[in-house]
Structure formats: structure tokens, C-alpha cells
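Residue-level listing of the chains:
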There are 2 protein chains.
Amino acid sequence: MRKTVHDVADAAGVSVSTVSRALTGGSVSPATRETVMAAAERLGYRPNRTARGLITGRTGNYGLIVPDLRNPFFADIAKGVTARARAVDCGVFITDTDEDVAAELEALATLGRNTDGVLLCSPRATDAELLEAADPDTTVLVHRQVPGMLSIAADIAAGTRQAIDHLRALGHRRIAFLAGPDDSWAGRQRLAALAEYADGGGAEILRFGSVSPTFEGGVLAGDLVLASPATAVLAYNDLVAMGLLHRLAARGAAVPERISVVGYDDISLAAMSHPPLTTVAVPKDKAGAAALELLLRRAGGAGKPATAVRDREVTLPTGLVVRASSGVVPA
Amino acid sequence: MRKTVHDVADAAGVSVSTVSRALTGGSVSPATRETVMAAAERLGYRPNRTARGLITGRTGNYGLIVPDLRNPFFADIAKGVTARARAVDCGVFITDTDEDVAAELEALATLGRNTDGVLLCSPRATDAELLEAADPDTTVLVHRQVPGMLSIAADIAAGTRQAIDHLRALGHRRIAFLAGPDDSWAGRQRLAALAEYADGGGAEILRFGSVSPTFEGGVLAGDLVLASPATAVLAYNDLVAMGLLHRLAARGAAVPERISVVGYDDISLAAMSHPPLTTVAVPKDKAGAAALELLLRRAGGAGKPATAVRDREVTLPTGLVVRASSGVVPA
DNA sequence: CCTACTCTTGGAAACGTATCCACAGAATTT
DNA sequence: AAATTCTGTGGATACGTTTCCAAGAGTAGG
């Protein structure tokens, strides 16, 4: 039924070892390579990854663990990973943990045993939990940093400053910040960046929250913000910003005339909101692809993991996307 | 480094075949089973799933192919599949084909070879392409039907009728339908259902399109609809409906006072639109889980595939979710 | 007491692939 | 012309597991 190297070997009139070499880039004469390739094509031969994995010790598969695929942020990351994987012809297991840290660690153990490496989006597990559960050489953190572990992260502090500076340039002096979950790594980064403005940095930051990092969280925050003297809001992320826009519209507060709103992440919905959302763009699919790349390089190269910290902890730049939800401060 | 059955066999003083039997539930004396289990536990032995897969022919892994993970519709399906997979402890490869049919068929071939079965979301490939590329016993179509193939689909025609009947009950007599891609299976189902209303069925259906099944497609359709005598619109899907809402708002057309809008799919964004969208709910995560279940039953049961058509082509019900975007016809 | 049968166990084969090793012939050098 | 290196190829082996087969030890029945 299924074709094997033996079938190809018979069809091409060569031995199985020659077939294997021809297909995996070994030393073969151009003529026989041609013959073998043609035979393989004609028979519709596909190498059996399981068998290959058994002999090489590598499965060619990788794992991706995300808290929620429904969240566009993680969907984008997954998309980046799978796109890169498709290009290099390796498989990727995806596990959605439903925001459950225990399930996350469990998946980490399972996937760690059955793959060549795993990409982990874990905003909420503790550093200690991750250090204990993950193999530091075959696990890469996506959009999070833990000392000693491989990671790809965006420069969240810089993005936060970009957003605040944008609002300040528009004349805003009282800016509300809608904080997300306390235990989120990205959330702590944002707060650290905002601390710079705390003591006479030219803008007063009014902190609200923690709010749930969802549309509903934003809806809830809308009334809080309107009751405050803030003329602009930096939301924890785009979903929160969209909930906020929703509530502001319902309360009759014009955006950006009465109040400006800036989101974070630049998920695809951000351009579809009403009004279109000014937001901090963070690389998502690019981060996913880069994370996989980190593992692939390690596997491809002599197997020695990068030692320098700058090779183990990659930081990607953020950028502000100005749309219609931010404007000059009301007179 | 890693322990194998041989290590366990040595430690327990038995042969490898006995170890294998003891661990996989074969016929072994209680005493030796106890000994083997203890030795395995002590050595921290974990079976190599790759090797097991090679001999048994089953990997315990499944594949899921989607056109675009960024599309919430497919993200929901993926979520349903992974949730079920996590419960039964099997792995799922996810491939995003970026709406490319060729990549889809390629992925189908690759995954078909390396998994126990694949779940395929393919709105655009032709029946013939699918029949040729897919193993009819280990491939299940999600939200599409092709004669002779396993499938899980929603009753799209019924959903379409529910939407139209809802609008008719609100007094609408001229209803615009924003058709999607011509080559889409779901699109053809919708059109077939609408045909019932064509000849004096109590409502005049004005067809527009095909529009791109995206937010942009809806934006584009907004002006067309306003220039027509229609008082209500059934959009191809929720994304189109949201683009439509966006454009209608920009043009100053009140929804639902001036015109009613109904979407299709009930993606999570539908509740977040402005106004919240009335839409046809189709099971997504449930469909994903059911599709995986179909394959699991086949693998678990005596391996004989279901023969009756009703077991091979599962249809799930749809339902109308009434929110704020639909209202009575203007006077 | 011998046969027939069950139960348990070990040896060996098999799954499909990659790679080591040996070997033949060509190509190159001495 | 002989000796050496290089190139391409086939055969055999190994990866870790499951499973088939045969054989041994009991056990029950005639």
C-alpha cells in the first residue's frame, strides 16, 4: 500500500542505501540521483518520519504550547511557527492549555519527550516552575524571558514608552493605564517602563486594574476611565482597548475628541475597530518563526547550544501604529 | 542515557519481550509483572513512542489542516480539536496552508503518511482533488461534505433559512445576500437554501458578490447595499458583516433602524461588534472535537470503518443568535 | 502414566530508515 | 605501467519496540 525506500529502490534499479543517500543529500552521482528522484516522484513516495526518527534520534517535530488559540495574539504566533515549519518541512504539535498552568507544565513534559524541542508561550507560570519543567537547551520561551532559558521577546518597555511619548506629544498630561493580570511577565515589563514617568517625567500615569485582559475587561474599565481626569488611555492590550472603545461609544464619549485610546499588540482586529485603533505593534508571527529558527539552528549546527546571552535571549523591536483612536488633547 | 526495555529487562532479570508484555498489558504472571513494573519505575523508564509507532503502525498523532489560523473560525475548530486531543493524550499536528490549495494537498500527503488520520478544513479544493489526495478511511472533512468521504458539517442550509425567516418575521421583504467565493462549498450550500425563496417564497433575495470573505469585502459591499432597495442584509460570514457594519457607520446608516444586518458563524468577535451582531451560530470547537472523535472511534474499535452513510457524514445543528444588529423593517 | 492442554517465557523477526564498511572501478599520481 | 587516491555503490547493521513462534513447566483428564 504505502511506498517505502525498497519500492523506490526496485523501481530505480538501485539499492536502498543509494535511495536514502539520493533523497537526503548524500554523495550520489547526478545521474542516479535523477533516476531515484524520478522514481520517488512517480511512486508518490513519502519518507516515514517515524522510521527516520528512530535511527537519527531526531523526530523532526516540534511542539508549541499556547494558553488560548482563540486569542488572536497567540493565533498569530502559531501562524508564524507553522509557516516556518512548512518551509523547512518539519511538523509542529500545537497544544492549547486553556489558560491552565498545570496543563501547560504537563504538556511541556509530554512534548519534551516526543519532539526535538518546544516553543512555549507561558505568560503566567512562575520562573521556578518553568526552570524545573523545561529542558533549557530544547525549550524556547516566546514573549517572555527567564534567566537561563532560551527566549524570543519583544522590547515591551520600549513599546510602552513609544505609546506614552506619542500621547504626550499630542498634549496629554494625564494618562490612564489599564493594567493586566499581576502575574503576567509582559504586564510587569509595562509597569517597569511606566515607572520612569512616575516622578515628574512629564506625564501623570493613573493606574487602573488589574483588569481581565479581555474585551469584557475593557468594557468594565470604560466607566472607571470616564470618572477620572485622564484624557488618554493606554490599554493593557488590544482586546481591552476594544472593549473600552465599545463602552465609551455606549456612554457617548467621542474617541479621540473626548478621550484618546491606545492599544497594545496590533492584532488584526485593531484595524477593524471603530475608530481604528492606535496601538503598539509587537512582532507575533515573526517571533514564532524566530523561535523555531532558534531550535532549528541548534539542531542543524554541531548541536552545541548558543552560549552567549545575546544568542540565547533574542529581543525583537516594537513599533507604534498610529490610527484614528488617538488625537490631540481636548482644550 | 535514556533507558530502554533492555535496561529494564536486565534490571528485572527477564527478557525484553516479557518487559514489553508486562508494560503493555500482555499475558504475564502477576509476580513478574510486579517485578518489571518496579524495575521500570526505579530506572525512570519511558517507552520510546517513535519506536513503538514504527512497529505498531500507529503513531497516536493526528493532523489538522486549516487555511488560516488567524481566521477565528478556524482557530475555534483548532481549539476544539486540541482540547479533545489533550483529554485522550494524543498529539495533533497543525498546518496552516495560507489559503493555498496546493499547500493543502501537499500537507495532506505528508500528514497522511505520518499520522493516524487527518482532519481537513478545505473550503476551496475541488471534490476530485480531495478524493484523489486523501485516504477515505483516515481523513475527515470538517465543515464540508464530499460524497464518499468522512465528514462533520453543520446544517448550513437550515441556518440560512433561520436567518431569512428571522428577517421576514421582522417585516423585511427585500433582503440582500452578500455571496462569498464561488468555489466555496459552504457558499454553494447557502445559495441552494436561498433558492427556495426565489420564486414567490415571501421575500425577494437580492444577490451581491461574490465578495471576498473578509472585513474588507464587507466594507466594499456597504455602498452596494445602501444603493439598493434592501432593508436587511445576510452577510456571507461574520467578518464580512463586521466590515459592512463599519462602512454603514461611516456612511451614517443606522443599524438596525435604517438597515438590519445578520452574519454567519458566530465567531467570538460577533458579540463585540458595534452593534453586537445577530448571526447564525455554527458549531466550531464542537465540530473539531467530533471530527477527532470519529477517527479515534475508528482506531479504537476493531478498525473497521463505519459503513452507513449516516455514520460517515455527520451533520451538526445550527442556531440563530439574535443580538442588536437586526430589527423591525423601517416604516 | 501418558497425553493434551494452558500458562508463561525467551528468542527472533519485523517495522522503515540512515549510516558504517567494504569493494569495485575510474581517475590521478609517481 | 604500477601504485595510490577518489567516487559511487551495495550489503549489513542498528535504532527500540512489539509480536510471532516455539519451547518449557505445570496441570488436568483419560
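Basis of the calculations
- Residues numbered from 1 in each chain as written.
- Chains lettered and ligands numbered in written order.
- Predicted model: local features only at pLDDT ≥ 70, side-chain atom pairs only at ≥ 80, totals over all residues.
- Heavy atoms only, no water.
- Helix = DSSP H or I, 4+ residues; strand = E, 2+ residues; numbered from the N terminus.
- Buried < 20%, exposed > 50% of the residue type's maximum accessible area, 1.4 Å probe, protein only.
- Areas by Shrake-Rupley, 256 points an atom, 1.4 Å probe, with all protein chains shown as cover.
- Lys, Arg positive; Asp, Glu negative; His and termini not counted.
- Charge placed at Lys NZ, Arg CZ, Asp CG, Glu CD.
- Polar contact = N/O pair within 3.5 Å; in protein donor to acceptor, adjacent residues only side chain to side chain.
- Contact = heavy atoms within 4.5 Å.
- Buried area = accessible area lost by both parts, 1.4 Å probe.
- Salt bridge = Lys/Arg side-chain N within 4 Å of Asp/Glu carboxyl O.
- Pairing = 2+ DSSP bridges.
- Axes fitted to C-alpha atoms, helices over the stretch in contact; angles between N-to-C directions.

### Describing the overall build of chain A
Helix and strand counts for chain A stand at 13 helices and 12 strands. Principal-axis analysis of the C-alpha atoms places the extent of chain A at approximately 85 × 40 × 30 Å. Out of the 331 residues belonging to chain A, those deemed buried represent 52%. Entry remark: accessible area of chain A is about 13,800 Å², with carbon and sulfur atoms responsible for 54%. On chain A, the mean spot of the 34 positive side-chain charges and the mean spot of the 36 negative ones are 5 Å from each other.

### Things to note about helix α4 (residues 49–56) of chain B
The distance from a side-chain oxygen at the start of α4(B) to the backbone nitrogen of B:Thr50 is 2.8 Å, and the residue carrying that oxygen is B:Asn48. Two residues or fewer past α4(B), B:Gly57 is found with a positive phi of approximately 80 degrees.

### Overview of the interface of chain B and chain A
Taken together, the 47 residues of chain B in the interface contact 48 residues of chain A. Approximately 4,200 Å² of surface area, both sides summed, lies buried where chain B meets chain A, with 56% of it carried by carbon and sulfur atoms. The interface formed by chain B and chain A includes 11 salt bridges. Joining chain B to chain A, the criterion identifies 20 residue pairs in polar contact (both at pLDDT 80 or more). Mapped onto the side of chain B that touches chain A, the elements with two or more residues apiece are α4, α5 (72–88), β2 (91–96), α6 (101–114) and α11 (238–250) of chain B. The element contributing the most residues to the side of chain B that touches chain A is α6(B), with 7 residues.

### Focus on the sheet that holds strand β6 (residues 174–178) of chain A
Note on sheets: strands pair through backbone hydrogen bonds, and any given pair is parallel or antiparallel. All names here are of chain A. Ordered in space as β7-β6-β8-β9-β10-β12, the 6 strands form an open sheet in which the pairing is mixed. Among the strands making up the open sheet, the edge pair consists of β7 (204–208) and β12 (319–321). Neighbour to neighbour, the strand axes of the sheet diverge by 25 degrees on average, direction disregarded. Relative to β7, β6 runs parallel, the two being bridged by 5 bridges. What sits directly across from Arg174, in β7, is Glu204.

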